[in-house]
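Listed below, chain by chain, are the residues.
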Amino acid sequence: MADILLYRPHFVAFIILFLLGIYIMVVCLNLVKKLIGMYIMQTSIMLFFITLAVKEDSTIPIILPSVTALAPEAYANPLPHVLMLTAIVVGVSTLGVSLAMVIALYREYNTLEEDQILEKMK
Amino acid sequence: MIQPLDSVIVHTLTRVITPVIQLFALYVLIHGHDSPGGGFQAGTLFAASVILPIIAFGIQGSLSVLERRAIILGGIGILLFAGIGLLPLILGGEFLNYGKLPIPGMEASARRHWGILGIEIGVTITVAATAVSIYYSLRERGEGEEK
Amino acid sequence: MTLFDDYLLLLLAVVTALGAVFVRDLFSGVLTLAAYSFFLALLWAGLGAVDVAFTEAVVGAGLSTLFFLVALYLTSHQEEVRKQLPVRIMALGGLGILGFLLLFGSVDLPVVGDPKSLPSKHVSSHYLRKSLEETDTPNVVTAVLADYRGFDTLGETTVIFTAGIACWMLLRRRDDSAT
């Protein structure tokens with residue numbers, strides 16, 4: 001267990017952030033707080049993917065035209081970068097939709113607390 | 001309702017910084033082949049350069065007709081993307097195979113280079129228009145009820 | 001980038017995430033969340049993912065914070081405190097088990113920075129070797145995003161556009177439907 005903490009600190013941070021996000025989404029009743037938890041959970045998964053793309057002593061995946069014999073070990077893995085780049089932009093648009101729903105709910109029920117909204121819906 | 005800021009510093013800085021953001025967005029878009037950046041980042045920067053004057057000068061001081069209908073521009077961006085993807089399909093290649101684009105006098109790799117630039121422009125238009133449109137929707141609803 | 005810098009930035013990210021969640025006023029929470037995004041962007045730039053770091057700094061820290069702030073400004077930014085101990089205990093118990101399983105499973109994951117790990121083997125080395133030759137684009141991330149996986153990007157752009165339409169339709173006023 002101590003090995004994980006020493007040599008894989010990124011995974012430990014991923015687990016902490018992921019659990020924190022889920023915990024907030026489950027426990028908090030404020031809708032905006034739930035969205036903050038969702039955002040933290042999303043970014044923790046991105047952290048996980050970026051960590052998988054790291055190679056030791058490697059550089060950023062931009063290849064200079066002067067390079068002739070190219071070794072893939074010398075560059076970071078570009079594939080998780082692409083996947084996470086699209087995930088960030090999709091994340092912000094889903095955040096926009098959920099905030100639109102939150103504003104619509106506030107206009108209707110004049111509160112952001114989940115239990116009060118459920119109470120007023122009856 | 002969100003009041004525009006009545007501050008000389010904010011107004012002057014907004015005037016100065018908006019064209020700089022737009023220029024930087026253009027740089028990020030065109031230089032996306034050689035350096036970090038590309039369509040998504042450039043689109044967000046363009047959106048920032050449109051949203052910043054709305055925050056500083058209020059909703060009346062903006063090009064409100066254009067921004068109210070910004071979502072149509074987003075559709076145009078996707079059509080540009082899909083159109084560039086469809087051209088090779090018509091000319092005997094696969095969908096989104098830019099090597100078959102009808103640009104005369106070029107190697108296949110150079111055609112792919114220009115194809116990538118074309119779809120990055122489409123992505124930029126869509127992302128910028130959608131970001132402005134979401135901001136506008138979120139803000140308009142809140143302001144509309146009190147009037 | 002040494003491991004020490006990673007430790008520092010990860011610690012800062014975790015601390016700002018905790019701060020964003022446990023601060024009472026939602027405005028402060030959202031601004032702390034922006035700081036969290038910036039620390040993650042710094043961390044990713046150090047790990048070699050410059051494109052992702054750029055996007056996170058622009059989109060995550062900039063645009064999503066702006067959306068949060070506008071939404072909070074138009075609603076309310078006070079969170080009501082209330083005790084609901086049973087839910088908390090159940091959530092903590094369940095998430096504790098999940099966290100233990102994740103920690104247990106992460107022993108089998110590759111060591112951070114291993115160039116021979118499974119994700120770095122299959123198709124990504126082809127992208128790195130051939131992208132300059134095949135697409136004339138030095139930035140491999142742009143080449144993969146727009147050319148090798150262009151269909152993904154098309155679908156994803158459509159998702160963004162759909163989100164814009166959904167927002168517009170959710171929040172339009174009733175008298176707006178005539179125009």
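Just above sits the structure.
Parameters at a glance
- Residues numbered from 1 in each chain as written.
- Chains lettered and ligands numbered in written order.
- Predicted model: local features only at pLDDT ≥ 70, side-chain atom pairs only at ≥ 80, totals over all residues.
- Heavy atoms only, no water.
- Contact = heavy atoms within 4.5 Å.
- Buried area = accessible area lost by both parts, 1.4 Å probe.
- Salt bridge = Lys/Arg side-chain N within 4 Å of Asp/Glu carboxyl O.
- Polar contact = N/O pair within 3.5 Å; in protein donor to acceptor, adjacent residues only side chain to side chain.
- Helix = DSSP H or I, 4+ residues; strand = E, 2+ residues; numbered from the N terminus.
- Nonpolar A, V, L, I, M, F, W, Y, C, P; charged D, E, K, R; others polar.
- Buried < 20%, exposed > 50% of the residue type's maximum accessible area, 1.4 Å probe, protein only.
- Expected span 1.5 Å × (residues − 1).
- Arc of directions from axis to C-beta.
- Patch = residues over 30% accessible without salt bridge, like charges linked within 9 Å, V, L, I, M, F, W, Y side chains within 5 Å.
- Areas by Shrake-Rupley, 256 points an atom, 1.4 Å probe, with all protein chains shown as cover.
- Axes fitted to C-alpha atoms, helices over the stretch in contact; angles between N-to-C directions.
- Parallel < 35°, antiparallel > 145°, perpendicular 65-115°, else oblique.

Enquirer: Could you clarify how one ought to interpret the interface of chain A and chain C in this entry?
Expert: As a measure of interface size, the accessible area lost when the parts come together is often cited. Counting from both sides, the interface comprises 80 residues of chain A and, opposite them, 89 residues of chain C. Contact between chain A and chain C buries roughly 8000 Å² in total, counting both sides, with carbon and sulfur atoms accounting for 78%. Applying the counting criterion to the chain A and chain C interface returns zero salt bridges. Taken together, chain A and chain C are joined by ten residue pairs in polar contact (both at pLDDT 80 or more). The set of elements that each furnish at least two residues to the side of chain A that touches chain C consists of helix H1 (2–7), helix H2 (9–27), helix H3 (31–52), helix H4 (78–109) and helix H5 (114–121) of chain A. Top element by residues in the side of chain A that touches chain C is H4 of chain A. It accounts for 22 residues. Residue classes in the side of chain A that touches chain C are distributed as 61 nonpolar, eleven polar and eight charged.

Enquirer: What is the right way to read the pattern of salt bridges from this model?
Expert: Oppositely charged side chains can pair when the atoms bearing their charge come close. Counting across every chain of the model gives three salt bridges over all chains. Between Glu114 of chain A and Lys34 of chain A there is a salt bridge, with the nearest N and O atoms lying 3.2 Å from each other. Residue Glu114 of chain A is located in helix H5, and its partner Lys34 of chain A is located in helix H3; the two are separated by 80 residues in the primary sequence. A relative accessible area of 29% places Glu114 of chain A in the partly exposed class. Across the pair Asp152 of chain C and Arg149 of chain C runs a salt bridge whose closest N-O atoms are separated by 3.8 Å. Arg149 of chain C sits in the partly exposed class, given a relative accessible area of 26%.

Enquirer: Hey, could you run me through helix H4 (residues 85–105) of chain C in this one?
Expert: Because each turn of an α-helix spans 3.6 residues, side chains separated by three or four positions end up pointing in the same direction. All names here are of chain C. When the terminal C-alpha atoms of H4 are compared, their 30 Å separation across 21 residues agrees well with the 30 Å that a helix rising 1.5 Å per residue should span. Buried residues of H4: Ala91, Leu95 and Gly99, and no others. Buried residues of H4 fall within an arc of 65° about the axis and therefore sit on the same side. Residues of H4 that are exposed and point more than 90 degrees away from the buried face comprise Pro86, Ile89, Met90, Ile97, Leu101 and Phe104.

Enquirer: What am I meant to see in the interface of chain B and chain A here?
Expert: Contacts between the two partners involve eleven residues from chain B and, on the opposite side, ten residues from chain A. Contact between chain B and chain A buries roughly 840 Å² in total, counting both sides, with carbon and sulfur atoms accounting for 76%. Across the contact surface, chain B and chain A share zero residue pairs in polar contact (both at pLDDT 80 or more). At the level of secondary structure, the elements contributing two or more residues to the side of chain B that touches chain A comprise helix H2 (39–57) and helix H5 (108–146) of chain B. Counting residues per element, the side of chain B that touches chain A draws most heavily on H5 of chain B, which supplies six residues.

Enquirer: How should I be thinking about unusual backbone geometry in this particular structure?
Expert: With glycine set apart, most residues show a phi of negative sign, and most peptide bonds adopt trans. Residues other than glycine seldom take positive phi values, yet Leu96 of chain B does so here, at roughly 65°. Looking at Leu96 of chain B, the relative accessible area reads 6%, which means it is buried.

Enquirer: Please explain a nonpolar patch on the surface as it appears in this structure.
Expert: Residues and elements named next belong to chain B. Residues Leu86, Leu87, Leu89, Ile90 and Leu91 make up a contiguous nonpolar surface patch of roughly 460 Å² in combined accessible area. The topology assignment puts Leu86 in helix H4 (residues 70–90). Judged by its relative accessible area of 40%, Leu86 falls in the partly exposed class.

Enquirer: In this structure, what is going on with the packing of helix H5 (residues 124–135) of chain C against helix H6 (residues 140–148) of chain C? I would like to understand it.
Expert: Each pair of packed helices can be summarised by the angle the axes make with each other and by the distance between the axes. Residues and elements named next belong to chain C. Between H5 and H6, whose axes approach to 10 Å, the crossing angle comes to 70°. Considering the angle they form, H5 stands roughly perpendicular to H6. Contact with H5, carried on its side by Tyr127, Leu128, Lys130, Ser131, Glu134 and Thr135, involves Val140, Ala143, Val144, Asp147 and Tyr148 of H6 and no other residues of that element. Of the residues belonging to the contact of H5 with H6, the class tally is six nonpolar, two polar and three charged.

This is a description of form; function is not addressed.
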